[in-house]
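# Architecture at a glance
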Amino acid sequence: MVEPQKKTGFGVVFSNAPFMLLWLGQLTSQLADRIFVYVLMIVIYQSTKSNLGVSLPLLAFGIPSVLIGPWAGVIADKLDRKGILIVSDIVRGLLILLLIPLIAKSLLWIFLVSLLIYTAAQFFAPAETSSIPELVEKHNLIIANSLFMITWMASSVVGFGLGAPLVNLFSEQTTFVIAASFYLFSAAAILLIPLKAREVSKTKTRKEAWTDLLIGFEFIRRNQVVRYSLLKLFVAASAIATLSLLAIAYSSTVLGIGERNFGYLILVVGLGMLIGMVTLEKLRHYFKLGTIVVASFLLSGGVLIWLAFVTNITLALILILILGLGNIYITSAIQTILQHRIPR
């Protein structure tokens with residue numbers, strides 16, 4: 001008996017209501033993140049008149065990432081993921097509202113509340129990522145991951161883009177309220193997702209949680225595919241972060257379009273990622289995911305070397321578009337490999 005062909009493609013994913021609710025939650029949460037960071041940088045700069053002061057949001061983000069991030073994955077794996085997503089959104093929304101009366105009081109208070117906001121954020125991503133395989137069929141995971149990656153990039157661009165007109169039209173305080181409302185909207189969307197609740201073990205001790213974390217590290221150490229996939233994901237993320245820092249100087253001193261126009265470079269990267277999201281599904285029918293990742297790394301590396309010697313704006317934009325294409329190929333393919341290899 002011939003098995004019926006499994007339905008695949010963007011149409012199938014977009015018609016998946018539970019997954020689209022999770023995607024909507026991701027979109028609004030990411031927009032809230034970027035708008036909050038944008039306004040936070042303005043507030044801190046107005047208080048310190050220093051570029052060094054503006055680095056405080058990065059510090060507030062970095063500390064929880066190192067100290068809380070590894071534990072957040074363990075907790076998301078053990079507890080109810082839907083509850084974690086909702087609580088993370090609500091806590092961040094309420095903390096932003098709490099921050100409004102503290103803006104004029106002390107930079108320390110701004111830093112501490114921001115630290116709590118970024119701490120709550122650490123639990124959202126692992127709970128969200130681990131929910132995707134439950135909502136999407138295995139053969140459609142590559143599409144779902146591509147959609148999430150392009151949404152992450154697009155929301156970063158749009159979020160920062162929304163920050164400027166919102167602050168100009170209203171005020172820093174009102175824009176904080178808008179960011180908080182985005183978080184609460186995300187929580188409402190996730191509340192409607194029919195995710196299966198996990199039973200919470202009341203006998204879990206701190207020692208057992210630490211053991212679970214060590215088991216996770218041991219699993220990564222023993223599984224070569226997972227270990228190398230995580231390493232490649234780290235390299236790709238580090239490259240994107242470095243390029244983001246260099247984008248302003250590159251647009252100003254090399255391309256000569258001025259530092260205020262570096263956002264156009266980010267938009268072109270986003271366009272490349274959109275093209276990559278559409279074409280990756282077709283490529284995986286002809287090539288293995290691992291082959292796509294390696295080829296994309298080689299392509300991106302060659303483009304970066306070429307880009308270092310380019311001063312023509314048209315050629316530079318074409319190469320930057322290819323970088324966006326390669327980035328979505330790398331990150332989405334690796335996420336899919338990890339989801340196939342890591343037990344649910």
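What counts and what doesn't
- Per-chain numbering applies: the sequence of each chain, read as written, is numbered from 1 onward.
- Two thresholds apply to this predicted model, a pLDDT of at least 70 for residue-level local features and 80 or more for giving and counting side-chain atom pairs, whereas whole-chain, interface and lining totals are computed over all residues.
- Processing note: side-chain calculations cover all non-hydrogen atoms of the structure and skip hydrogens and water entirely.
- Only runs of H or I of at least four residues qualify as helices and only runs of E of at least two qualify as strands under DSSP, and these elements are numbered from the N terminus.
- Accessible area is worked out with a 1.4 Å probe on protein chains only. A residue is then buried under 20% of its type maximum, exposed over 50%, and partly exposed in between.
- Contact between two residues is taken to exist if any of their heavy atoms lie within 4.5 Å; hydrogens are not considered.
- Residue-level accessible areas treat just the shown protein chains as cover; the underlying method is Shrake-Rupley with a 1.4 Å probe.
- Buried residues of nine kinds, namely Ala, Val, Leu, Ile, Met, Phe, Trp, Tyr and Cys, make up a nonpolar core once their side-chain atoms join them within 4.5 Å.
- The span expected for a helix works out to 1.5 Å for each residue beyond the first.
- The axes are straight lines fitted to the C-alpha atoms, using for helices just the contacting stretch, and the angles between their N-to-C directions are given from 0 to 180°.
- Angle categories are assigned with fixed cut-offs, so that under 35 degrees is roughly parallel, over 145 is roughly antiparallel, 65 to 115 is roughly perpendicular, and the rest are oblique.
- Definitions for this section: a left-handed crossing has its near helix turned counterclockwise from the far helix by less than a right angle. A right-handed crossing has that turn clockwise.
- The working definition used for a salt bridge is a side-chain nitrogen of Lys or Arg within 4 Å of a carboxyl oxygen of Asp or Glu.
- Put simply, two rings from Phe, Tyr or Trp (the six-membered ring, in Trp's case) pair if the centres are within 6.5 Å, and we call them stacked under 30 degrees between planes, edge-to-face over 60, tilted for the rest.
- Any residue with relative accessible area above 30% and no salt bridge may belong to a patch, with like charges joined within 9 Å and the nonpolar Val, Leu, Ile, Met, Phe, Trp and Tyr side chains within 5 Å.
- Each residue gets one label: Ala, Val, Leu, Ile, Met, Phe, Trp, Tyr, Cys and Pro are nonpolar, Asp, Glu, Lys and Arg are charged, and the others, such as Gly, are polar.
- Two N or O atoms form a polar contact when they lie within 3.5 Å of each other; inside protein one atom must be a possible hydrogen donor and the other a possible acceptor, and for residues adjacent in sequence the pair counts only when both atoms belong to side chains.

On to the overall build of the chain, then. Looking only at helices and strands, the chain has 14 helices and zero strands in total. Across the chain, helices and strands are ordered from the amino to the carboxyl terminus as α-α-α-α-α-α-α-α-α-α-α-α-α-α. Out of the 344 residues belonging to the chain, those deemed buried represent 42%. Sequence separation of 24 or more characterises 83% of the internal contacts of the chain that already satisfy a separation of 6 or more. About 18400 Å² of surface is accessible on the chain, with carbon and sulfur atoms providing 70% of the total.

Now for the nonpolar core. The biggest cluster of nonpolar side chains holds 56 residues, and the ones touching the most others in it are Phe19, Leu22, Ile132, Leu135, Val136, Tyr250 and Leu307. Here this core takes 12 residues from helix H14 (residues 313–341), the largest share from any one element. Setting aside residues up to four positions removed in sequence, Leu22 forms contacts with Leu85, Glu128, Ser131, Ile132, Leu135, Phe148 and Ile193. Residues Leu40, Ile96, Leu166 and Tyr183 belong to the second largest nonpolar core, which totals 27 residues.

Here the focus is helix H5 (residues 81–99). Here H5 is 19 residues long and its end C-alpha atoms lie 27 Å apart, about the 27 Å a rise of 1.5 Å per residue gives. For H5, every residue scored as buried is listed here: Arg81, Lys82, Ile84, Leu85, Ile86, Ser88, Asp89, Arg92, Gly93, Leu95, Ile96 and Leu99.

As a packed pair, H5 and helix H9 (residues 172–191) sit with axes 8 Å apart at the nearest point and diverge in direction by 165°. In terms of orientation, H5 lies roughly antiparallel with respect to H9. In the crossing of H5 with H9, the sense of the turn from one axis to the other is left-handed. Seen from H5, the contacting residues are Lys82, Leu85, Ile86, Asp89, Ile90, Arg92, Gly93, Ile96, Leu97 and Leu99; seen from H9, they are Phe176, Val177, Ala179, Ala180, Tyr183, Leu184, Ser186, Ala187, Ile190 and Leu191.

The next subject is the pattern of salt bridges. With the rule as written, the count across this model stands at three salt bridges. Taking the shortest distance from any N to any O, the salt bridge between Asp33 and Arg92 comes out at 3.4 Å. Of this pair, Asp33 sits in helix H2 (residues 17–48) while Arg92 sits in helix H5, and the two are 59 residues apart along the sequence. Here Asp33 matches Arg92 in class, with each residue buried. The residue Asp89 makes a salt bridge to Arg92 at a minimum N-O spacing of 3.0 Å.

As a further point, take the packing of aromatic side chains. Evaluated as defined, the whole model comprises three aromatic pairs. Here the aromatic rings of Phe19 and Phe148 are separated by 5.3 Å at their centres, their planes lie at 45°, and the arrangement is tilted. In this pair, Phe19 is assigned in helix H2 and Phe148 in helix H8 (residues 141–169), connecting sequence segments 129 residues apart. Overall, the relative accessible area of 0% leaves Phe19 in the buried class.

Taking C-alpha positions, Phe19 is 5.7 Å from Leu135, a pair spaced 116 residues apart along the chain. Excluding anything up to four places from it in sequence, Phe19 contacts Val13, Ile132, Leu135, Val136, Ala144, Leu147 and Phe148.

So, on to a nonpolar patch on the surface. Taken together, the side chains of Ile90, Leu94, Leu97, Val177 and Leu184 define a hydrophobic patch exposed on the protein surface, amounting to about 380 Å² of accessible area. Listed by contribution, the elements that provide at least two residues to the nonpolar patch are H5 and H9. If one sorts the elements of the nonpolar patch by residue count, H5 sits on top with three residues. Here Leu94 is to be found in helix H5.

The topology assignment puts Leu307 in helix H13 (residues 289–307). Residues Leu307 and Leu319 lie 12 residues apart in sequence; the distance between their C-alpha atoms is 6.8 Å. Leu307 has contacts with Tyr250, Ala316, Leu319, Ile320 and Leu323, leaving out every residue within four places of it along the chain.

This brings us to the environment of Ala121. Among the structural elements, Ala121 can be located in helix H6 (residues 107–121). Beyond its immediate chain neighbours, meaning those up to four positions away, Ala121 contacts Ser88 and Arg92.

Close contact between H5 and helix H7 (residues 124–135) brings their axes to 9 Å; oriented N to C, the two are set at 145°. Crossing of H5 against H7: the hand is left-handed. Taken together, the residues of H7 that come into contact with H5 (itself represented by Arg81, Ile84, Leu85, Ser88, Asp89 and Arg92) are Phe124, Ala127, Glu128, Ser130, Ser131 and Glu134. Taken together, the residues of the contact of H5 with H7 break down into four nonpolar, three polar and five charged.

Another aspect to go through is the side chain of Ser296. Locating Ser296 in the fold gives a position in helix H13. Polar contacts involving the side chain of Ser296 include one to the main-chain carbonyl oxygen of Ile292, which spans 2.7 Å.

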